[in-house]
Amino acid sequence: MTPGGNRSWLLRLVIAFGFAQAAVSMARPAVSYRALALGADERAVGVIAGVYALLPLFVAVPLGRRTDHGRCAPLLPTGVVLISAGCALSGVAGSLWTMALWSGVMGLGHLCFVIGAQSLVARQSAPHEQDRNFGHFTIGASLGQLAGPIAAGALIGADMARTSAVALLAAGAGGAVALTSLWRIEKPGAVKPGTARGDRVPVGGILRARGVPAGMLISVAVLSATDILTAYLPVVGEHRGIDPAVVGLLLSLRAAATIACRLVLTPLLRLLGRRALLTVTCLLGALLCAAVALPLPVPVLALVLAALGFCLGVGQPLSMTTVVQAAPAAARSTALALRLTGNRLGQVAAPATAGLIAGVAGVAAPFVMLGALLLASAGVAVRTPAGPTPEGAAGDASAPYEKRRCEARRPR
C-alpha cells in the first residue's frame, strides 16, 4: 500500500481504536470506583492508576524495534485481547493488588495497539498527510473517551462494588468488538525488504534528533492531563458531592471538545502553523487545568473542561508528526515507541505524584501540578519544527543522522 493512496484502512483503524479506547476509558474510572469500594484511599487510587503504565515501560522499545523491521498489524489484535482481558479480570478481582495487576495488563494491551496503529499511520501516510491522518486517527481515541465515561457513569450506582464490576465486564466485552475492524488492515507486502534488513539506529541517535525530545515532553504533558482527569475527577466528584453520572458526562464533554478540535485541526494548522498552535494550546491548557482545582459550580466546571478538552486535542496528533518527521526513516516506529515510553513514565509518575499531593494538599491539588507541567511544555513547544514536511520530502528528517553515519565510515 503506497503512502497517500486509498484511506479505507484509516477509517477502519479509527473504528477499532474507538472501541478499544472506549473500553479503556470506561474501565479507568470504574477501576477507581471499585478501588474506593474495596477500601482504597487517594494514594492507593494513584498507585493503581500508575501500574496501568508500569508494565508497558519494559516492552515499548523492543516492540518498536520489531515493528520497524516487520509488520504493524499483528500488534493490533494482540492489544485488543489484552485490553479486554484486563478490563474483565479487573471486574472480578477481589483485592487491590489483583486490581493493580490486571490494570497493568490493560495498559500493556493499550500500548501494543497504539504502537501498531501509530506505526501503521506513519508508514501508510505521505509526509504532507501525517498531521491530518494522525489527527483523524486520534479521533478514534476521542470517540472512545467520549463514550466510555458515559457508559461507566450510567452503570455505576450506589452499590459501587457491584456496579463497578459490571461496568468493567461490559468494558471488556465492548473492547473485543474492535477485532471486527482489523481484518487485512495492512497488506502483507507493506514492509520494504530494505527496511526489514536495515541497521538499527541507536536510541541515543533518535533522542538527539531535533524535535524528538520536544514532541515527547508535549505528549507526556497532554496525556498526563487526560489521564489524571480520568482517574481523579471521580475522586474530586466524591469530595464535592457530584454524582458519578454527572462526572461521566463531564469527562465525556471534555472528550467531545477534543473531537471537535481534531475535526478542525487542518484549518487551525493553516491559520497558525504547528509551532504556534502547540504553544498557545499548551499555555491555555495550563491555565484551565489549574482552574479545575478551584471549587467551581458544575456548569462552570463543564465550560472549563470543554475548553481544556479542545486545547488538549492538539498535542497528541501534532507530537506524533513531530517525532515521526524528526526521527531517522529506519527508526520511526522505535521513535514512536520512545514517545510512548515517555508517556508511560508520565502515567506512572504523574498519578503516583498526584496521589501523594492529594493526600497532603487535597484532591484538587494534582490539577495545579498538571498546570505547571503544561506550562513547561508550552515553553518547549516554541522550539518545535514550525510545520509539516513538504510533499515529496519523505525521509528528509533522517538526513542529518545518515550524514553522520556516512562521515563516521569515511576513511580519514
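Residues numbered from 1 in each chain as written. Predicted model: local features only at pLDDT ≥ 70, side-chain atom pairs only at ≥ 80, totals over all residues. Heavy atoms only, no water.

An unreviewed UniProt entry lists the chain under the name MFS transporter, from Streptomyces cellulosae. A UniProt comment under Subcellular location (unreviewed entry) is attached to the chain, and it reads "Cell membrane". (UniProt positions renumbered as here; feature names shortened; annotations may be inferred.)

**Remarks on the overall build of the chain**
Within the chain one finds 17 helices and 0 strands. Each of the 412 residues in the chain was classed as buried or not, and the buried ones make up 58%. Here the analysis covers contacts within the chain between residues at least 6 apart in sequence; of these, 87% occur between residues at least 24 apart. Total accessible area on the chain is roughly 15,600 Å²; 69% of this is exposed by carbon and sulfur atoms. (Helix = DSSP H or I, 4+ residues; strand = E, 2+ residues; numbered from the N terminus. Buried < 20%, exposed > 50% of the residue type's maximum accessible area, 1.4 Å probe, protein only. Contact = heavy atoms within 4.5 Å. Areas by Shrake-Rupley, 256 points an atom, 1.4 Å probe, with all protein chains shown as cover.)

**Quick look at the packing of helix α1 (residues 8–37) against helix α6 (residues 130–155)**
In contact at an axis separation of 6 Å, α1 and α6 are set at 35° when each is read in the N-to-C sense. As α1 runs across α6, the sense of the crossing is right-handed. For the pair α1 and α6, the contacting residues are Leu10, Leu13, Val14, Phe17, Gly18, Gln21, Ala22, Ser25, Met26 and Pro29 in the first and Asn133, His136, Phe137, Gly140, Ala141, Gly144, Gln145, Gly148, Pro149, Ala151, Ala152 and Leu155 in the second. For the contact of α1 with α6, the per-class residue count stands at 13 nonpolar, 9 polar and no charged. (Axes fitted to C-alpha atoms, helices over the stretch in contact; angles between N-to-C directions. Left-handed = near helix turned anticlockwise from the far one by under 90°. Nonpolar A, V, L, I, M, F, W, Y, C, P; charged D, E, K, R; others polar.)

**Looking at the UniProt feature "transmembrane region" (unreviewed entry) in the chain**
UniProt's feature table lists "transmembrane region" (unreviewed entry) at residues 43–63, 75–93, 99–122, 134–158, 164–183, 214–233, 245–265 and 348–375, given in the numbering used throughout. Strand forms 0% of residues 99–122 and helix 100%; the C-alpha atoms that close the span are 34 Å apart. Structurally, residues 164–183 is divided into 65% helix and 0% strand, and its ends, taken at the C-alpha atoms, are 32 Å apart.

**Quick notes on helix α13 (residues 274–292)**
Helical geometry: 3.6 residues make up each α-helical turn, so side chains three or four residues apart lie on a common side. Given a rise of 1.5 Å per residue, 19 residues ought to cover 27 Å, and the 27 Å separating the end C-alpha atoms of α13 matches this to within 8%. Along α13, the positions that sit buried rather than exposed are Arg274, Leu277, Leu278, Thr279, Thr281, Cys282, Gly285, Ala286, Leu288, Cys289, Ala291 and Val292. Buried-residue contacts for α13 involve α6, α10 (212–240), α12 (265–272), α14 (298–326) and α16 (365–381). (Expected span 1.5 Å × (residues − 1).)

**Some details on the side chain of Arg262**
Here Arg262 shows up in helix α11 (residues 244–263). Setting aside its immediate chain neighbours within four residues, Arg262 contacts Gly135, Thr138, Ile139, Ser142, Leu312, Gly313, Gln316 and Pro317.

**Notes on a nonpolar patch on the surface**
Together, Leu11, Ile15, Phe19 and Val177 make up an exposed nonpolar region whose accessible area comes to about 330 Å². Relative to the assigned elements, Val177 resides in the loop between α7 (160–176) and α8 (193–196). On the basis of relative accessible area, Val177 is assigned to the partly exposed category, the value being 33%. (Patch = residues over 30% accessible without salt bridge, like charges linked within 9 Å, V, L, I, M, F, W, Y side chains within 5 Å. Salt bridge = Lys/Arg side-chain N within 4 Å of Asp/Glu carboxyl O.)

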